[in-house]
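Notes for the structure review
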Amino acid sequence: MSAGLLPGGAGEPVRFRRVTVVDGTGAPPVPDQWVLVENGRIAGLGPEPAADGASPRLTDVDAPGCTLLPGLINCHVHLCHDGPPNLVRQLQDDKVPLATLRAVRNLILALQSGVTTVRDCGATDGIAIALAQAVADGGIVGPRILAAGRVITMTGGHGHFMGLESDGADAVRRSVRTEMKGGAHFIKAMATGGVLTPGVEADHCGLSQEELLAVARTAHESGRRTATHAIGGTGIKNALRAGIDSIEHGFHLDDEALQLAVDQGTFLVPTLVAIESILDHAEDGVMPDFVVRKARREAGAHHEAFARAVAAGVNIAAGTDAGTPFNLHSDLPRELGLMVRLGMSPGQAIAAATSQAAANLGVRDSVGTVEAGKVADLLLVDGDPTADIGALTRVAAVMRAGRLVHRALRPAPEPVAG
């Protein structure tokens with residue numbers, strides 16, 4: 001199959017016909033539907049072709065055997081990075097023009113894989129924030145971007161090389177306000193250490209509960225949501241008690257943390273593929289030894305915590321941590337496959353990357369489900385992903401805000417000899 005990439009923006013009316021619709025809510029698939037798109041939004045859908053009132057410029061996309069679902073949402077990416085073996089070295093060696101070009105390429109990779117919205121969870125120099133505006137203005141083709149800007153971390157804490165080092169509630173408040181002034185759509189803070197930072201163990205505490213409370217209150221008072229990198233159990237509970245909106249990674253979720261998350265409606269973004277990608281290349285000898293050591297130590301707890309969170313009914317939104325070692329911006333379908341392997345149904349996994357992800361980002365009023373009035377961010381795949389989650393890798397077309405921005409073209413059939 002060859003691929004075509006077309007400009008973004010609201011296009012001419014399009015009608016998908018004879019498709020199975022998976023609406024993103026977890027409801028069963030509905031076969032033999034039409035979906036009409038006009039003026040960048042879903043104008044209607046139903047079991048019969050919609051012709052009355054449609055524009056004479058209407059384009060029909062006849063797709064029997066295909067499933068139409070909401071465009072996928074990746075709640076945890078790092079657009080400026082492309083999965084290098086040593087992320088810290090890439091950051092240290094980076095120049096703004098190179099990082100920007102890399103980010104634009106990553107946006108295209110994400111879009112071609114069916115991702116129409118991303119949440120960038122940390123980038124230096126305001127690059128992700130500027131790219132978000134460029135996409136919104138139509139200057140760059142890509143998924144819509146919600147960007148945190150720089151992360152808030154303690155002095156020497158995880159991600160200090162891409163963040164604002166802040167100690168004490170007053171300093172944290174100042175850093176949150178600085179990032180909001182710079183255009184951050186949400187605030188990302190570090191509650192624990194991490195796998196990729198040298199000299200910092202993954203389960204060590206980062207910002208204190210008091211400091212995380214300052215993050216949450218300051219951001220919420222200005223209408224921003226919050227997310228926190230949190231691996232160790234104490235740090236996770238510090239973040240939950242502080243009122244942070246989403247826990248990223250969540251390797252060590254005990255019964256108390258699970259109950260807090262359920263009671264508060266906190267989201268978990270598990271990023272299963274991040275550790276999996278490191279382990280897949282652990283024997284290559286190209287990553288720092290400390291990264292491999294920490295990933296091996298944490299993998300079992302990570303899988304167990306995710307399975308327990310599913311069973312407990314925690315709100316789960318999909319994200320990959322794309323940009324970390326060997327973790328590509330096209331890997332969200334792989335993340336959903338891991339979710340299914342570890343206990344989710346395919347329908348639950350799809351909801352985690354559509355309606356649940358949209359709720360986590362605070363954008364469910366406009367995207368995340370296939371329903372009339374929503375922005376027409378749509379993904380057409382060959383097959384039924386509710387029966388085989390691997391169907392999400394068989395992308396037939398991607399629509400972003402009403403325009404077909406990517407289409408996989410089947411080759412013409414071979415001529416019959418005779």
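About the cut-offs
- Within each chain, residue numbers correspond to sequence positions counted from 1 in written order.
- It should be noted that, the model being predicted, local features are given only for residues of pLDDT at least 70 and side-chain atom pairs only at 80 or more, the latter also being counted only at that level, while totals for whole chains, interfaces and linings use all residues.
- Here the side-chain values reflect all heavy atoms present in the structure, with hydrogen atoms and water set aside.
- Geometry is summarised by axes, namely lines fitted to C-alpha atoms with helices restricted to the contacting stretch, and by angles between N-to-C directions that run from 0 to 180 degrees.
- Runs of H or I in DSSP of at least four residues are treated as helices and runs of E of at least two as strands, each being numbered from the N terminus.
- Orientation labels follow simple angle bins: below 35 degrees gives roughly parallel, above 145 gives roughly antiparallel, 65 to 115 gives roughly perpendicular, and whatever is left gives oblique.
- Crossing handedness follows the turn of the near helix against the far one: under a right angle anticlockwise gives a left-handed crossing, and clockwise gives a right-handed one.
- The contact criterion used throughout is that any non-hydrogen atoms of two residues lie within 4.5 Å.
- Only strands joined by at least two bridges in the DSSP assignment are considered to pair.
- Think of it in three bands: residues with accessible area under 20% of the maximum for their type are buried, residues over 50% are exposed, and the middle band is partly exposed, with areas taken using a 1.4 Å probe on protein chains only.
- Each polar contact in these results corresponds to two N or O atoms within 3.5 Å; when the atoms are within protein, one needs to be able to donate a hydrogen and the other to accept it, and residues that are neighboring in sequence are counted only if both atoms are side-chain atoms.
- Note on definitions: the grid is 1 Å and covers protein atoms alone; a cavity is a set of points where a 1.4 Å probe fits but cannot get out; a pocket is an open set with protein on both sides within 12 Å along at least five of seven lines; lining residues have an atom within 4 Å of a point.
- Grid points are joined across faces, edges and corners, and a volume is the space filled by probe spheres set on the points.
- Amino acids are sorted into nonpolar (Ala, Val, Leu, Ile, Met, Phe, Trp, Tyr, Cys and Pro), charged (Asp, Glu, Lys and Arg) and polar (every other residue, Gly among them).
- One speaks of a salt bridge when a side-chain nitrogen belonging to Lys or Arg is within 4 Å of a carboxyl oxygen belonging to Asp or Glu.
- Only buried Ala, Val, Leu, Ile, Met, Phe, Trp, Tyr and Cys residues count toward a nonpolar core, and they belong to the same one when joined by side-chain atoms within 4.5 Å.
- Convention used here: a crossover is right-handed provided that the path from the first strand, over the helix, to the second strand proceeds clockwise when the strands point away from the viewer.

**What about the packing of helix 7 (residues 255-264) against helix 9 (residues 289-312)?**
Angle between the axes and distance between the axes: these two values describe a pair of packed helices. Close contact between helix 7 and helix 9 brings their axes to 10 Å; oriented N to C, the two are set at 45°. With respect to each other, helix 7 and helix 9 are oriented oblique. Helix-helix and strand crossings are classified by hand; for helix 7 and helix 9 the assignment is right-handed. Between helix 7 and helix 9, the contacting residues are Asp 255, Leu 258 and Val 262 on the first element and Arg 308, Ala 309 and Ala 312 on the second.

**Focus on the sheet that holds strand 9 (residues 144-147)**
Whether parallel or antiparallel, the strands of a sheet pair through hydrogen bonds between backbone atoms. Pairing is parallel across the open sheet formed by three strands, whose spatial order is 7-8-9. Every interior strand has two partners, whereas the edge strands, strand 7 (72-77) and strand 9, have only one. Taking the axes of each pair of neighbouring strands and ignoring which way they run, one obtains an average angle of 15° across the sheet. Inspection of the sheet shows strand 8 (residues 115-120) paired to strand 9 by four bridges, in the parallel sense. When the sheet's bridge partners are listed, Val 118 is paired in strand 9 with Ile 145. Against the sheet, helix 3 (residues 127-137) engages strand 8 and strand 9, with an angle of about 150° to strand 9.

**A look at the environment of Glu 335**
Looking at the element boundaries, Glu 335 is found in helix 10 (residues 332-341). Here Glu 335 falls in the buried class, since its relative accessible area comes to 0%. For Glu 335, the contacting residues outside a window of four places in its chain are Pro 270, Thr 271, Leu 272, Val 273, Gly 319 and Thr 320. A distance of 3.4 Å separates the side chain of Glu 335 from the backbone nitrogen of Thr 271, its partner in a polar contact. A distance of 2.8 Å separates the side chain of Glu 335 from the backbone nitrogen of Leu 272, its partner in a polar contact.

**Quick word on empty space enclosed by the protein**
Taken as a whole and assessed by the stated rule, the structure comprises three cavities of 30 Å³ or more. Empty space within the largest cavity amounts to approximately 280 Å³. What lines the largest cavity is a set of 25 residues, and nearest its centre among them are His 158, Leu 196, His 229, Asp 321 and Thr 324. If one sorts the elements of the lining of the largest cavity by residue count, helix 8 (residues 272-280) sits on top with three residues. Residues of the lining of the largest cavity, tallied by class, amount to 13 nonpolar, ten polar and two charged. Every residue along the wall of the second largest cavity is listed here: Ile 236, Leu 240, Ile 247, Leu 253, Ala 257, Leu 258, Ala 261, Thr 266, Phe 267, Leu 268 and Val 314. Those elements that place two or more of their residues in the lining of the second largest cavity are helix 6 (233-242), helix 7 and strand 15 (267-269). Element by element, the count of residues in the lining of the second largest cavity is highest for helix 7, at three residues. In terms of residue class, the lining of the second largest cavity is made up of ten nonpolar, one polar and no charged.

**Quick look at the pattern of salt bridges**
Scanning all chains against the criterion turns up 22 salt bridges. Ionic pairing is found between Asp 60 and Arg 15, a salt bridge with its closest N-O pair at 2.6 Å. With a gap of 45 residues between them, Asp 60 in strand 5 (residues 59-62) and Arg 15 in strand 2 (residues 14-21) connect regions that are remote in the sequence. Note that Arg 296 is salt-bridged to Glu 283, the shortest N-O span being 2.4 Å. Here the residue Arg 296 occupies a position in helix 9, and Glu 283 occupies one in the loop between helix 8 and helix 9, the gap between them amounting to 13 residues. When its relative accessible area of 46% is taken as the criterion, Arg 296 is described as partly exposed. Three or more residues are tied together by salt bridges with common partners; here these are Glu 201, Arg 293, Arg 297 and Glu 298.

**A word on the nonpolar core**
In this structure, Ile 145, Ile 316, Leu 336 and Met 339 are the most contacted members of the largest nonpolar core, which totals 78 residues. In terms of residue count, the dominant contributor to this core is helix 3 (six residues). For Leu 336, the contacting residues outside a window of four places in its chain are Ala 318, Ala 349, Ala 353, Ile 389 and Leu 392. Val 14, Ala 376, Ala 396 and Leu 404 belong to the second-largest nonpolar core, a separate cluster that totals 19 residues.

**Quick look at the pairing of strand 14 (residues 246-249)**
Here strand 13 (residues 225-230) pairs with strand 14 via four bridges, running parallel. What sits directly across from Thr 228, in strand 14, is Ile 247. In this fold, strand 13 hands off to helix 6, which returns the chain to strand 14; that crossover is right-handed. As defined by bridge partners, strand 14 adjoins strand 15 across three bridges and the pair is classed as parallel. Looking at strand 15, one finds that Glu 248 is bridged to Val 269. As for the winding sense of the linkage, the β-α-β connection from strand 14 through helix 7 to strand 15 is right-handed.

**Looking at the side chain of His 249**
Structurally, the position occupied by His 249 is in strand 14. Among the residues examined, His 249 registers a relative accessible area of 5% and is labelled buried. Side chain to side chain, His 249 and His 229 meet in a polar contact 3.2 Å long. Not counting residues within four places of it along the chain, the set of residues in contact with His 249 comprises His 76, His 229, Ala 230, Ile 231, Leu 268, Val 269, Pro 270, Thr 271, His 302 and Asp 321.

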